[in-house]
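Residues per chain are reported as follows:
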Amino acid sequence: MICQECGKRPSTLHFTKIVNGEKTEFHICEACAREKGEGIPGAPNSFSIHSLLSGILDFDTVASKGFDNLQPQESMRCETCGMSYAQFSKIGRFGCSDCYEAFGERLNPLIKRIHGNTKHSGKIPKRTGLKVQCKRQIEQLRVELHRYIEAEEFEKAATVRDQIRELERKMQQSS
């Protein structure tokens, strides 16, 4: 898709605005977004996308209260690309794939705030998600196992225990 502003470059930013049930879509390139101050076109008092991300990432100050074991944001750096957490907070993008590991302790509260959870709960592709499906099934069986034990239904508990062991064995063989 071509940028709606310049009509030259491919659009990389896509916005959908819904007002009173009326949907309007905007497709612009990164250069035009920069020229426009990276605001959302067509929005009154448009705001900067990076300001939005920085606002979300500023969650750091709230999240770190009570978490004395977290490293100060200034000293956190990715060893591969050298990006600091402060730079990530301003830019809103990682420098490399290793940044996920480097900033991991700070990302979980952030992801939980944005998405509501840190665990995926949607559909999983059948071909590639076999391991994840097995883990979910094991978790469900463990809950069931505890219920049977509490209800003192030990024969059913033993059957569920054997199912768990079989699934765990299958997972280890596929690894």
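Criteria and cut-off values
- Residues numbered from 1 in each chain as written.
- Predicted model: local features only at pLDDT ≥ 70, side-chain atom pairs only at ≥ 80, totals over all residues.
- Heavy atoms only, no water.
- Phe/Tyr/Trp six-rings, centres within 6.5 Å; stacked < 30°, edge-to-face > 60°.
- Buried < 20%, exposed > 50% of the residue type's maximum accessible area, 1.4 Å probe, protein only.
- Pairing = 2+ DSSP bridges.
- Helix = DSSP H or I, 4+ residues; strand = E, 2+ residues; numbered from the N terminus.
- Salt bridge = Lys/Arg side-chain N within 4 Å of Asp/Glu carboxyl O.
- UniProt positions renumbered as here; feature names shortened; annotations may be inferred.

(A) Local environment of the packing of aromatic side chains. Inspection of the entire model under this criterion finds six aromatic pairs. Judged by centre distance (4.3 Å) and plane angle (15°), the rings of F88 and F94 are stacked. We classify F94 as partly exposed; its relative accessible area is 22%. Plain terms: the ring middles of F94 and F103 are 5.9 Å apart, the flat faces sit at 25° to each other, and that makes the pair stacked. Clustering of aromatic rings is evident, with ring pairs tying together Y85, F88, F94, Y100 and F103.

(B) Highlighting the pairing of strand β2 (residues 22–28). As paired elements, strand β1 (residues 13–19) and β2 share seven bridges and run antiparallel to each other. Within β2, the residue paired with F15 across the bridge is F26. If you look at the hairpin formed by β1 and β2, you'll find two residues sitting between the two strands, and N20 has a positive phi there, around 50°.

(C) Summary view of the pattern of salt bridges. This structure, assessed with the given rule, holds five salt bridges. The partner of R142 in a salt bridge is E168, and the shortest N-O contact between them spans 2.4 Å. Residue R142 is located in helix α7 (residues 130–150), and its partner E168 is located in helix α8 (residues 154–174); the two are separated by 26 residues in the primary sequence. Overall, R142 belongs to the partly exposed group, its relative accessible area being 38%. On the basis of relative accessibility, which here comes to 30%, the residue E168 falls in the partly exposed class. The partner of R161 in a salt bridge is D162, and the shortest N-O contact between them spans 3.1 Å.

(D) Summary view of the UniProt feature "domain: UVR" (unreviewed entry) in the chain. Per the UniProt annotation, the sites labelled "domain: UVR" (unreviewed entry) are residues 135–170. Within the segment residues 135–170, helix and strand shares are 92% and 0% respectively, and the terminal C-alpha atoms sit 11 Å apart.

(E) Structural view of unusual backbone geometry. Positive phi is not limited to glycine here, since E152 has a value of about 60°. Following the sequence through the fold, E152 ends up in the loop between α7 and α8.

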